[in-house]
Amino acid sequence: MKKTSPKRSAELACTERSRSIEARNRRILIIHGPNLNLLGKREPEIYGKFSLEDINKEIKKLAKEKKVAVDILQSNHEGEIVDAIGSSSKKYSAIVINPAAYTHTSVAIRDAVSAIDVPVVEVHLSNIYHREEFRQKSLIAGVATGQISGFGANSYLLGFLAAVELINK
Ligand code: DQA
């Protein structure tokens with residue numbers, strides 16, 4: 001077998017490294033908060049008839065189009081979401097999050113968003129400002145890069161496009 005010269009090996013290692021940096025730089029984390037696993041069955045008159053799986057399929061399609069890698073997490077547990085945000089810097093260049101009910105209550109998620117240098121796009125299916133008073137306050141909005149609210153499943157796609165724009169900048 002032909003031996004690779006040390007110079008060639010160094011070049012290959014360098015290409016590998018820049019590929020993995022490129023992969024990290026073009027990888028977005030989607031976080032779905034509590035009860036979003038119930039989409040489709042949960043108050044369809046507010047949240048729509050589509051399932052979380054339907055939304056994830058659309059996100060993955062868009063990610064392919066935009067040549068961006070995507071990982072998706074749904075969690076009903078605040079600590080798990082805090083951990084995912086806190087450890088995101090090594091792997092992700094942007095986060096799109098629907099914090100769901102934690103939007104209105106979680107200082108821990110707000111602090112996690114504040115602690116990282118990764119841009120965060122907050123999304124909501126419903127327009128939280130048209131709803132009950134307790135939903136009209138987002139603890140996350142003040143530390144997120146931006147917020148998209150009220151476009152149903154399209155809020156995720158708009159949020160994802162906003163995150164891609166941030167990466168491409
Ligand atoms: C939501 C709005 C929140 O008030 C609610 O608790 C959710 C979903 C939305 O996407 O519209 O679970 O974040």
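Structure first, text after, so check above.
Residues numbered from 1 in each chain as written. Predicted model: local features only at pLDDT ≥ 70, side-chain atom pairs only at ≥ 80, totals over all residues. Heavy atoms only, no water.

### Some remarks on the overall build of the protein
Here is step 1: Looking only at helices and strands, the protein has six helices and five strands in total.
Here is step 2: Listed by position from the N terminus, the elements making up the protein come as α-β-α-α-β-α-β-α-β-β-α.
Here is step 3: Across the 169 residues in the protein, those meeting the buried criterion constitute 40%.
Here is step 4: Here the analysis covers contacts within the protein between residues at least 6 apart in sequence; of these, 77% occur between residues at least 24 apart. (Helix = DSSP H or I, 4+ residues; strand = E, 2+ residues; numbered from the N terminus. Buried < 20%, exposed > 50% of the residue type's maximum accessible area, 1.4 Å probe, protein only. Contact = heavy atoms within 4.5 Å.)

### Section: the site of the ligand
Here is step 1: What surrounds the ligand is the set Arg42, Tyr47, Asn98, Ala100, Ala101, His104, His124, Leu125, Ser126, Ile128, Arg131 and Arg135.
Here is step 2: Here an oxygen atom of the ligand sits 3.2 Å away from a polar atom, N or O, in the main chain of Ala101.
Here is step 3: At 2.7 Å from an oxygen atom of the ligand is found a side-chain nitrogen or oxygen belonging to His104.
Here is step 4: When the free accessible area of the ligand is taken as 320 Å², the share hidden by the protein chains comes to 99%.
Here is step 5: Residue composition of the shell around the ligand, by class: five nonpolar, four polar and three charged. (Near = heavy atom within 4 Å. Polar contact = N/O pair within 3.5 Å; in protein donor to acceptor, adjacent residues only side chain to side chain. Areas by Shrake-Rupley, 256 points an atom, 1.4 Å probe, with all protein chains shown as cover. Nonpolar A, V, L, I, M, F, W, Y, C, P; charged D, E, K, R; others polar.)

### Regarding unusual backbone geometry
Here is step 1: In this structure, Asn35 is a non-glycine residue whose phi angle is positive, near 75°.
Here is step 2: By the secondary structure assignment, Asn35 is in the loop between strand E1 (27-32) and helix H2 (44-47).
Here is step 3: Phi is positive for Ala100, which is not a glycine, with a value near 50°.

### Digging into the sheet that holds strand E3 (residues 94-98)
Here is step 1: An order of E2-E1-E3-E4-E5 is seen for the five strands of this open sheet, with the pairing classed as parallel. Of all strands in the sheet, those with a lone pairing partner are strand E2 (69-74) and strand E5 (146-149), marking the two edges. Adjacent strand axes in the sheet meet at a mean angle of 20° when their direction is disregarded.
Here is step 2: Two strands pair when backbone bridges link them, and E1 and E2 are joined in this way by six bridges, in the parallel orientation. When the bridges of E2 are listed, Ile31 appears paired with Leu73. (Pairing = 2+ DSSP bridges. Axes fitted to C-alpha atoms, helices over the stretch in contact; angles between N-to-C directions.)

### Some points on the nonpolar core
Considering soluble globular proteins, one finds that nonpolar side chains tend to be buried as a cluster.
Here is step 1: Of all hydrophobic cores here, the largest spans 25 residues; its most connected members are Ile28, Ile30, Ile59, Tyr156 and Phe160.
Here is step 2: Listed by contribution, the elements that provide at least two residues to this core are E1, helix H3 (52-65), E3, strand E4 (120-124) and helix H6 (154-168).
Here is step 3: By residue number, the principal contributor to this core is H6, which donates six residues.
Here is step 4: When sequence neighbours within four positions are dropped, the list of residues in contact with Tyr156 reads Ile30, His32, Leu36, Ile55, Ile59, Asn98, Val123 and Leu125.
Here is step 5: With 17 residues, the next largest nonpolar core counts Leu29, Ile95, Tyr102 and Ile116 among its residues. (Core = buried A, V, L, I, M, F, W, Y, C linked by side-chain atoms within 4.5 Å.)

By themselves, these are just geometric observations and shouldn't be taken as functional.
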